[in-house]
Amino acid sequence: MRTIQFREAICEAMSEEMRKDDTIYLMGEEVAEYNGAYKASKGMLDEFGPDRVLDTPISELGFAGISVGAAMNGNRPIVEFMTFNFSLVGIDQIINNAAKIRQMSGGQFNCSIVFRGPTASAGQLAATHSQAFESWFANCPGLKVVVPSNPYDAKGLLKSAIRDNDPVIFMESEQMYGDKGEVPEDEYNIPLGVADIKREGNDVTIVSFGKIIKEAYKAADELEKEGVSCEIIDLRTVRPMDHDAILKSVKKTNRLVILEEAWPFGNVATEITYQVQSQIFDYLDAPIIKINTADTPAPYSPVLLQEWLPNAGDVVNAVKKVLYK
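Residues numbered from 1 in each chain as written. Predicted model: local features only at pLDDT ≥ 70, side-chain atom pairs only at ≥ 80, totals over all residues. Heavy atoms only, no water.

Enquirer: An account of the overall build of the protein chain is needed here, citing residue identities and associated values.
Expert: In terms of regular secondary structure, the protein chain is built from 12 helices and 14 strands. A compact globule built from 325 residues would reach a C-alpha radius of gyration of about 20 Å, and the protein chain, at 20 Å, matches this within 12%. Expressed as lengths along the three principal axes of its C-alpha atoms, the size of the protein chain is roughly 60 × 40 × 40 Å. The 325 residues of the protein chain split such that 56% are buried. As displayed, the protein chain offers around 13800 Å² of accessible surface, 51% of which is attributable to carbon and sulfur atoms. (Helix = DSSP H or I, 4+ residues; strand = E, 2+ residues; numbered from the N terminus. Rg over C-alpha atoms; globule rule 2.2 N^0.38 Å. Buried < 20%, exposed > 50% of the residue type's maximum accessible area, 1.4 Å probe, protein only. Areas by Shrake-Rupley, 256 points an atom, 1.4 Å probe, with all protein chains shown as cover.)

Enquirer: Please give an account of the pattern of salt bridges that cites residues and values.
Expert: Scanning the entire structure with this criterion turns up 28 salt bridges. Between Asp153 and Arg236 there is a salt bridge whose closest N-O contact spans 3.4 Å. Of the two residues, Asp153 sits in helix H7 (residues 151–163) while Arg236 sits in the loop between strand E11 (230–234) and strand E12 (237–239), which places them 83 residues apart along the sequence. Since its relative accessible area comes to 7%, Arg236 is described here as buried. A single network of salt bridges, built from pairs that share partners, joins Arg2, Glu12, Glu16, Glu17, Lys20, Lys155, Lys159, Arg163 and Glu187. (Salt bridge = Lys/Arg side-chain N within 4 Å of Asp/Glu carboxyl O.)

Enquirer: Before we move on, could you go through the packing of aromatic side chains and cite the residues and values that matter?
Expert: Going through the model one piece at a time under the given rule, you end up with eight aromatic pairs. Ring geometry for Phe81 against Phe115: centres 5.9 Å apart, planes inclined by 10°, an arrangement best described as stacked. Residue Phe81 is found in the loop between strand E4 (76–80) and helix H4 (91–98), and its partner Phe115 is found in strand E5 (residues 114–118); the two are separated by 34 residues along the sequence. Judged on exposure class, the residue Phe81 and its partner Phe115 are both buried. Look at Phe133 and Trp136: their rings are 4.5 Å apart centre to centre, the planes differ by 50°, and that puts the pair in the tilted class. Given the relative accessible area of 0%, Phe133 is considered buried. Taking the relative accessible area as the measure of exposure, Trp136 reaches 43% and is therefore partly exposed. Among the aromatic residues, those joined into a cluster by ring pairs are Phe63, Phe81, Phe84, Phe115 and Phe137. Above the plane of the ring of Tyr34 lies Lys39, whose end atom (NZ or CZ) is 3.4 Å from the centre. (Phe/Tyr/Trp six-rings, centres within 6.5 Å; stacked < 30°, edge-to-face > 60°. Lys NZ or Arg CZ within 6 Å of the ring centre and 35° of its normal.)

Enquirer: Could you give me a rundown of unusual backbone geometry, with the residues and numbers involved?
Expert: Look at the link from Arg239 to Pro240: it is a cis peptide, with omega at 0°. Despite not being glycine, Lys39 has its phi angle at roughly 60°, a positive value. Although it is not a glycine, Arg236 adopts a positive phi angle of roughly 65°.

Enquirer: Lay out the nonpolar core with the relevant residues and their values.
Expert: The biggest cluster of nonpolar side chains holds 46 residues, and the ones touching the most others in it are Phe115, Phe137, Ile169, Ile272 and Val276. Mapped onto this core, the elements with two or more residues apiece are strand E2 (24–28), helix H3 (60–72), H4, helix H6 (134–138), strand E7 (168–172), helix H9 (243–253), strand E13 (256–259) and helix H10 (268–279). At five residues, the largest contribution of residues to this core is made by H3. Ignoring sequence-local partners within four residues, the contact set of Phe115 consists of Ala64, Ser67, Val79, Phe81, Phe84, Ile94, Ala98, Val168, Ile169 and Phe170. (Core = buried A, V, L, I, M, F, W, Y, C linked by side-chain atoms within 4.5 Å. Contact = heavy atoms within 4.5 Å.)

Enquirer: I'd like a description of H10, backed by residues and values.
Expert: Its 12 residues give H10 an end-to-end C-alpha distance of 17 Å, which sits within 8% of 16 Å, the value for a rise of 1.5 Å per residue. The set of residues buried in H10 consists of Val268, Ala269, Ile272, Gln275 and Val276. Looking straight down H10, one finds that the buried residues subtend no more than 125° of arc, so they occupy a single side. Elements that come into contact with the buried residues of H10 comprise H6, strand E10 (204–208), E12, H9, E13 and strand E14 (289–291). At the N-terminal boundary of H10, the capping side chain belongs to Asn267, with an oxygen 3.1 Å from the backbone nitrogen of Ala269. (Expected span 1.5 Å × (residues − 1). Arc of directions from axis to C-beta. Polar contact = N/O pair within 3.5 Å; in protein donor to acceptor, adjacent residues only side chain to side chain.)

Enquirer: An account of the state of the cysteines is needed here, citing residue identities and associated values.
Expert: Using the criterion set out here, one finds zero disulfides in the structure. Residue Cys111 stays outside any disulfide, its sulfur separated by 12 Å from that of Cys140, the closest cysteine. (Disulfide = S-S within 2.5 Å.)

Enquirer: Can you lay out H3 for me, pointing to particular residues and giving the numbers?
Expert: Along an α-helix, a turn takes 3.6 residues, which lines up residues three or four apart on a common side. Between its first and last C-alpha atoms H3 spans 18 Å; for 13 residues at 1.5 Å apiece the expected length is 18 Å, and the two agree. Among the residues of H3, Glu60, Phe63, Ala64, Gly65, Ser67, Val68, Ala70 and Ala71 are the ones counted as buried. Each element contacted by the buried residues of H3 is listed here: E2, E4, H4 and E5. Phi for Gly74, located one or two positions after H3, is positive at around 100°.

Okay, here's the thing in structure tokens:
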């Protein structure tokens, strides 16, 4: 094991797969000459050249469409959005072409693309640059949605995403690119659709994913001082979702809190809540609580932003509520 940054894990995953398969290429704004907006493609232009690491114009609709056509012709593009807020400009290509072409062609065309870049809030970037669209993309059949929370998972999941024959939405975080973690020197990958129990416990299950899971860890540390044992599940992949891991945990703890950095209406936590109550309702000893952002666009004010975002205190309060403490 060695300790590397999240951005380095992303770069390693792309580079290792590109060395094995010359149909894989990276395209996006500033991925080449600038080494990536967040330096997640540092050195890749030097290694692979301008035919396989391509700077694009500021035209997400254009390069998302180019990637679909390239994938239909046997290539395996990696498309970086500087932020998934900008993917909205190209969402027609993602939803109506990439996600559907395999079915609409009767299986004649695969569409192996990874659309990757940061999601959710990243500090004071205001309403149009602080949005989480995991549930939007996960709502569409034909897309897989991955949201890693640490360098080890990021590398292993990205390698699997690049090898997948379906389009994958791979969502990172601007606030995690500098995070450090242990990553093996040797080859490894993590299969899509498999959640991970990051912390075992007996009293309550906490399900989360992405950077916001750090607040669950803080809350669990605080609750442990009071004798409360939290089991934390990192979804890692939102779609396909590992329902079995969640159900098994809740059968053990009988209580569930879901932490998600997204608006509260119709989100990933809503789907988890439905699955649990419809399949193992009798195992629940308390109503499920889901913790989300406030139901407003993200504020710019740092004081309001702090109130808008879920935090460890919210998790502590939710756990105490399901424990009737």
